[in-house]
Amino acid sequence: MSLKERIIVAYARTKLSSRKVSENVENPLHDWVELKVRNTFKHDEGFRKALGRATLGEIDRRTFEEYQLYRFRRQMAYVMENSPYYQKAYAEAGVRPEDIRTMDDLDKVPLTDPNALAEEPFLFLCLSQSKIARTFSTSGTSGKPKRLFYTNDDLLNIVDSIAAALRSAGLKSDETLHIMFPAVVAWDPSLMLESACKVAGLRSVVCSDVNVEEQMRVMREQQARMIIGLTSFIYRVTVLARDRFDLRALGLKAIICSSEPLSEAVRHELEDAWGCKCLSQYGLTEMGLATTIECFVQQGLHINEADFMVEVVDPATGKRLPPGEEGELVWTALSFQGSPLLRYRSCDISHYILPPCECGHAIIGKIGKPKGRLNDATKIGLGEHIFPALFDEAIMKVHGALSYQLIIDKPSYRDHLHFIVEYNGDLEKGKEEVLKAITGLEEIRSGLENDLIDPIEVEVREVPHDFTPKRRPIIDRRKRFDA
Ligand SMILES: [Zn+2]
């Protein structure tokens, strides 16, 4: 680092709340969130007025919800003043910030459609472009790419959120984080994580090599204590390395699986191979990625609710659903200034879990592990719903199975399901076991029994030399009359 860079980093570091939380507290994420609420109370008269209290006292869930609602109103006023999109949308709906007093009032605020953002990103920009430090385009796996704008403070906020999440997974400042995303992905989370660690004062090393020996060499040399990376990439290295290396001997503390869903089958394989807990991390690119992380209880992902509000709505009606009920996740960025999104539809399906959690979290809530995208689900046979998570569980349970893709067609009156599976080991045996796992699913069996599905076709392929990022898990080629 040059002197100038060092000064910038040192200055940025002083602004991070995550640095102010001691390394030895039981639950760093909890302390971090609490710190943020206390800071707002101390410096923001509006919040003190909204609470109607002179002292904050202990922060319980109710106080925390008041904090979120206050931040929501403030953010709503901000976008109404600065974003042409929200100005128009909220004027048309006739809703004002002061109308939002309870969580139920949020139903009055229109949802933000991802297509609107893709079509006209500049309508969401709240500041002059000179104040924007970085523009970020989403990979556009589903539809048009979207553009987001971040100020320096927004970026620091993301760094803070990443650092708090890594700490809550147990990473200490003298330990090394091994960052493992394939270089082929269009966006580069490695770079973002590496700079976040640098600013936050955490040690990290990036290794994007597809070569398993190289991955192992770097991990040993740098004494990696934690891995974070793309789920399918970590899984690939694990499957190819576990018979040749003693992975447990590395003494890892945890593995954080990011950017793709983590099925229980894959989790089990990873934990068994490395001898440590494997945690799931989920983040929406439009929210700056670092928004949730699983705790060691492994029953849901804690949300950084100091900066993000999560709601679950009925995808058909857009109405809020009570905690525990499954629906579409809707996100609000409570802190961003560049192009903050409010009540933004994610198309991801999950449910909200109220605190407390067994890990000790009493204030912030969780979401269940996201089940995949809304538009990835489809129906077969008698109308049985199938979605990627279903096959993630079934197929990945087969030892040696690495990834799959399902192609659905309808050459006659029956649905035809063609699975292409990457497999490490004896291909004939692999084929047999994968077929058994698929036909064991209730959703498939009923279709077969009622003669609405062709016999399942399984094609097993060797693991290719290069890593290819996950393709769409389900491709539906059926012609539909209603399409
Ligand atoms: Zn927890």
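Worth saying up front: this structure is predicted, and the values here are computed from it rather than measured.

Caption draft 1: Region of the structure containing the domain arrangement of the chain. Annotation of the chain at the domain level lists domain 1 (1-373) and domain 2 (377-476). Each of domain 1 and domain 2 has a C-alpha centre, and the two are 32 Å apart. Contacts between the two partners involve 18 residues from domain 1 and, on the opposite side, 16 residues from domain 2. Those elements giving two or more residues to the side of domain 1 that touches domain 2 turn out to be helix 10 (231-241) and helix 11 (264-274). When residues in the side of domain 1 that touches domain 2 are grouped by element, the largest group, 6 residues, is from helix 10. Looking at side-chain class alone, the side of domain 1 that touches domain 2 contains 11 nonpolar, 3 polar and 4 charged residues.

Caption draft 2: Up close: the sheet that holds strand 11 (residues 327-333). Taking strand neighbours across the sheet as the criterion, the 3 strands line up as 10-11-12 in an open arrangement whose pairing is antiparallel. For this open sheet the edge positions go to strand 10 (308-313) and strand 12 (344-350), each flanked by a neighbour on one side alone. Shown here is a sheet whose adjacent strand axes are inclined to one another by a mean of 30 degrees, direction ignored. Pairing analysis gives 4 bridges linking strand 11 to strand 12, with the strands arranged antiparallel. Looking at strand 12, one finds that glutamate 328 is bridged to isoleucine 349.

Caption draft 3: Summary view of helix 10. Extensive coverage of helix 10 is indicated by the burial of 9 of its 11 residues. Looking only at helix 10, the buried set comprises Thr231, Ser232, Phe233, Ile234, Tyr235, Arg236, Val237, Thr238 and Val239. Considering only its buried residues, helix 10 is in contact with strand 3 (176-180), helix 9 (212-221), strand 5 (224-230), strand 6 (254-258), helix 11 and strand 17 (401-409).

Caption draft 4: Highlighting the nonpolar core. Core analysis: the largest hydrophobic core is formed by 129 residues, its most contacted members being Val159, Ile234, Ile255, Ile395 and Val434. Broken down by element, this core gets its largest block of residues, 9 residues, from helix 7 (residues 152-168). Taken together, domain 1 (1-373) and domain 2 (377-476) each give at least three residues to this core, which thus spans both. Residues contacting isoleucine 234, with those up to four places away along its chain left out, are Met180, Ile227, Gly229, Ile255, Cys257 and Leu270.

Caption draft 5: Quick look at the sheet that holds strand 8 (residues 292-294). The strand order 4-3-5-6-7-8-9-14-13 describes an open sheet built from 9 strands, whose pairing is mixed. Of all the strands in the sheet, just strand 4 (203-206) and strand 13 (352-353) have a single pairing partner and so form its edges. Where strand 6 lies against strand 7 (residues 277-282), 4 bridges are found, and the strand directions are parallel. Its bridge partner being in strand 7, cysteine 257 is matched across the sheet by serine 280. Where helix 10 meets the sheet, its contacts fall on strand 3, strand 5 and strand 6, and the angle it forms with strand 5 comes to roughly 120 degrees.

Caption draft 6: Highlighting the pairing of strand 6. With 5 of 5 residues buried, strand 6 lies mostly within the body of the structure. Every second residue of strand 6 is oriented toward a common face, with Ala254, Ile256 and Ser258 on one face and Ile255 and Cys257 on the other, all of them buried. Summarising the sheet, strand 5 and strand 6 pair through 5 bridges and their orientation is parallel. In the strand pairing of strand 6, isoleucine 228 is matched with isoleucine 256.

Caption draft 7: Fine view of unusual backbone geometry. Note the cis peptide between proline 355 and proline 356, where omega equals 5 degrees. Assignment of secondary structure puts proline 356 in the loop between strand 13 and strand 14 (366-367). Positive phi is not limited to glycine here, since arginine 343 has a value of about 45 degrees. In this structure, arginine 343 sits in the loop between strand 11 and strand 12. Exposure remark for arginine 343: the 21 C-beta atoms within 10 Å place this residue in the buried category.

Caption draft 8: Highlighting helix 8 (residues 189-200). In this model, helix 8 (12 residues) spans 16 Å end to end at C-alpha, consistent with the 16 Å of a helix rising 1.5 Å per residue. Contact partners of the buried residues in helix 8: helix 1 (3-14), helix 7, strand 3, strand 4 and strand 5. Count one or two residues on from helix 8 and you reach glycine 201, which has phi positive near 75 degrees.

Caption draft 9: Just the pairing of strand 3, in detail. In terms of burial, strand 3 is a largely internal element, 4 of the 5 residues being buried. Sheet analysis places strand 3 next to strand 4, joined by 4 bridges and oriented parallel. Each bridged residue has a counterpart across the sheet, and for threonine 176 the counterpart in strand 4 is arginine 203.

Criteria and thresholds
- Residues numbered from 1 in each chain as written.
- Predicted model: local features only at pLDDT ≥ 70, side-chain atom pairs only at ≥ 80, totals over all residues.
- Domains from an automatic or database assignment.
- Contact = placed C-beta atoms within 7 Å.
- Helix = DSSP H or I, 4+ residues; strand = E, 2+ residues; numbered from the N terminus.
- Nonpolar A, V, L, I, M, F, W, Y, C, P; charged D, E, K, R; others polar.
- Pairing = 2+ DSSP bridges.
- Axes fitted to C-alpha atoms, helices over the stretch in contact; angles between N-to-C directions.
- Buried ≥ 20, exposed ≤ 12 C-beta atoms within 10 Å, placed from the backbone.
- Core = buried A, V, L, I, M, F, W, Y, C linked by C-beta atoms within 7 Å.
- Expected span 1.5 Å × (residues − 1).

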